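Examining the three-dimensional arrangement
So you can see what is in the structure, the chains are spelled out below.
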Amino acid sequence: SLGNPTLQPYFSHNISGELRHTNRQKFSSMNLNFSIGFVQNPISSVTMMDNQNVTYTMPFNGPATKNASLNFTGNWPIARSNFSISTSTQVRGSNSSSFRAENMDMTKYFVNGNRSDFNYDLFLQEHPDLNSSKDFQRTDNNNVNFSERLTLTYRSDNFEFRLGGNTRYAKN
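Structural notes on the overall build of the chain
In terms of helices and strands, the chain carries one helix and eight strands. Beginning at the N terminus, the succession of helices and strands in the chain can be written as β-β-β-β-β-β-α-β-β. Computed over the C-alpha atoms, the radius of gyration of the chain is 25 Å, more than 25% above the 16 Å expected from 2.2 N^0.38 for a compact globule of 172 residues. If one aligns the C-alpha atoms of the chain with their principal axes, the spans along those axes are about 80 × 30 × 25 Å.

Next comes the structure, spelled out in structure tokens:
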């Protein structure tokens, strides 16, 4: 693993909010949370494999990343009975990038063949922008997640019974 003395600080920008509604007469409630964000100069992983299959990793400032989420919860009684129904829904999305190079001649970056003395100046001179470098392949990681939980509840003075189910979906 190599360091990177040229890393720039990253900046995280986020906006979030929450809306709530409670009806005390009907004993119902709803809650909506949302957030949106992006990161400038995120720290991305760079993996380099030389022609002898030795792998090196280095942190690098990558392209901006984005994320968003939406969460909804609600609880409602069913008429004037001891039954109620509740839901919890979550939707999330994000993206990030990583870089990889294979069969790279790493020997020229080590001063006098010493693997503990890496020539960062030469490396960055030859690869100032990984997006446009012919040696590196960029991988974009786009993630979407969805989950839902639905519950039917019966409450009496002596016990509470719940019947529920949930589902999840994830795509990378």
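Having seen it, we continue.
A closer look at unusual backbone geometry
Although it is not a glycine, F27 adopts a positive phi angle of roughly 55°. Turning to its location among the elements, F27 is positioned in the loop between β1 (11–23) and β2 (28–40). The phi dihedral of N41 falls on the positive side, at around 55°, and the residue is not glycine. The topology assignment puts N41 in the loop between β2 and β3 (43–50).

Brief notes about the packing of aromatic side chains
Overall, the coordinates contain ten aromatic pairs when judged by the stated rule. Members of the aromatic cluster, each reached through a chain of ring pairs, are Y56, Y109, F110, F118, Y120, F123 and F136.

What to know about the pairing of strand β5 (residues 65–77)
Sheet analysis places β2 next to β5, joined by eleven bridges and oriented antiparallel. If you follow G37 over to β5, its bridge partner there is N67. Bridge analysis of β5 against strand β6 (residues 83–104) gives twelve bridges, and the strand direction is antiparallel. Its bridge partner lying in β6, W76 is registered against I85. Between the end of β5 and the start of β6, which pair antiparallel, lie five residues, with A79 showing a positive phi angle near 50°.

Looking at the nonpolar core
With 17 residues, the main nonpolar core has M48, M104, M106, F118, F123 and F136 as its most contacted residues. Counting only elements with at least two residues in this core, the list comes to β3, β4 (55–61), β6 and α1 (120–126). Apart from residues lying up to four places away in sequence, F118 is in contact with L2, M58, M106, Y109, F110 and F123.

With respect to the pattern of salt bridges
Summed over all chains, the structure comprises seven salt bridges. With a closest N to O distance of 2.6 Å, E18 and R20 form a salt bridge. Accessibility expressed as a relative area gives 65% for R20, which makes it exposed. A salt bridge links E160 to R155; its shortest N-O distance comes to 3.0 Å. Among the charged side chains, a network of salt bridges with common partners joins R155, E160 and R162.

Side note on the side chain of S69
Of note, S69 is situated in strand β5. A polar contact of 2.8 Å, which involves the side chain of S69, links it to the side chain of S35.

Criteria and thresholds
- Every chain is numbered on its own, with residues counted from 1 as its sequence reads.
- The model is predicted, so local features are restricted to residues of pLDDT at least 70 and side-chain atom pairs to those at 80 or more, both for listing and for counting; the totals for chains, interfaces and linings are taken over all residues.
- Side-chain calculation: all heavy atoms of the structure are included, whereas hydrogens and water are not.
- What counts as a helix is a DSSP run of H or I of at least four residues, what counts as a strand is a run of E of at least two, and both are numbered from the N terminus.
- We compute the radius of gyration over the C-alpha atoms and compare it with the globule rule, which gives 2.2 Å times the number of residues raised to the power 0.38.
- We call Phe, Tyr and Trp rings a pair once their centres come within 6.5 Å, taking the six-membered ring for Trp, and we label the pair stacked below 30 degrees between planes, edge-to-face above 60, and tilted otherwise.
- By the convention used here, strands pair only if DSSP detects at least 2 bridges between them.
- For our purposes a nonpolar core is just a set of buried Ala, Val, Leu, Ile, Met, Phe, Trp, Tyr and Cys residues, chained together by side-chain atoms within 4.5 Å.
- The rule is simple: take the accessible area with a 1.4 Å probe, protein chains only, and divide by the maximum for that residue type; under 20% is buried, over 50% is exposed, in between is partly exposed.
- The contact rule is simple, with two residues in contact once any of their heavy atoms fall within 4.5 Å.
- Salt-bridge detection follows one rule: a side-chain nitrogen of Lys or Arg within 4 Å of a carboxyl oxygen of Asp or Glu.
- For this analysis, a polar contact is any N or O atom pair within 3.5 Å, provided that within protein one partner can donate a hydrogen and the other can accept it, and provided that sequence-adjacent residues contribute only side-chain to side-chain pairs.

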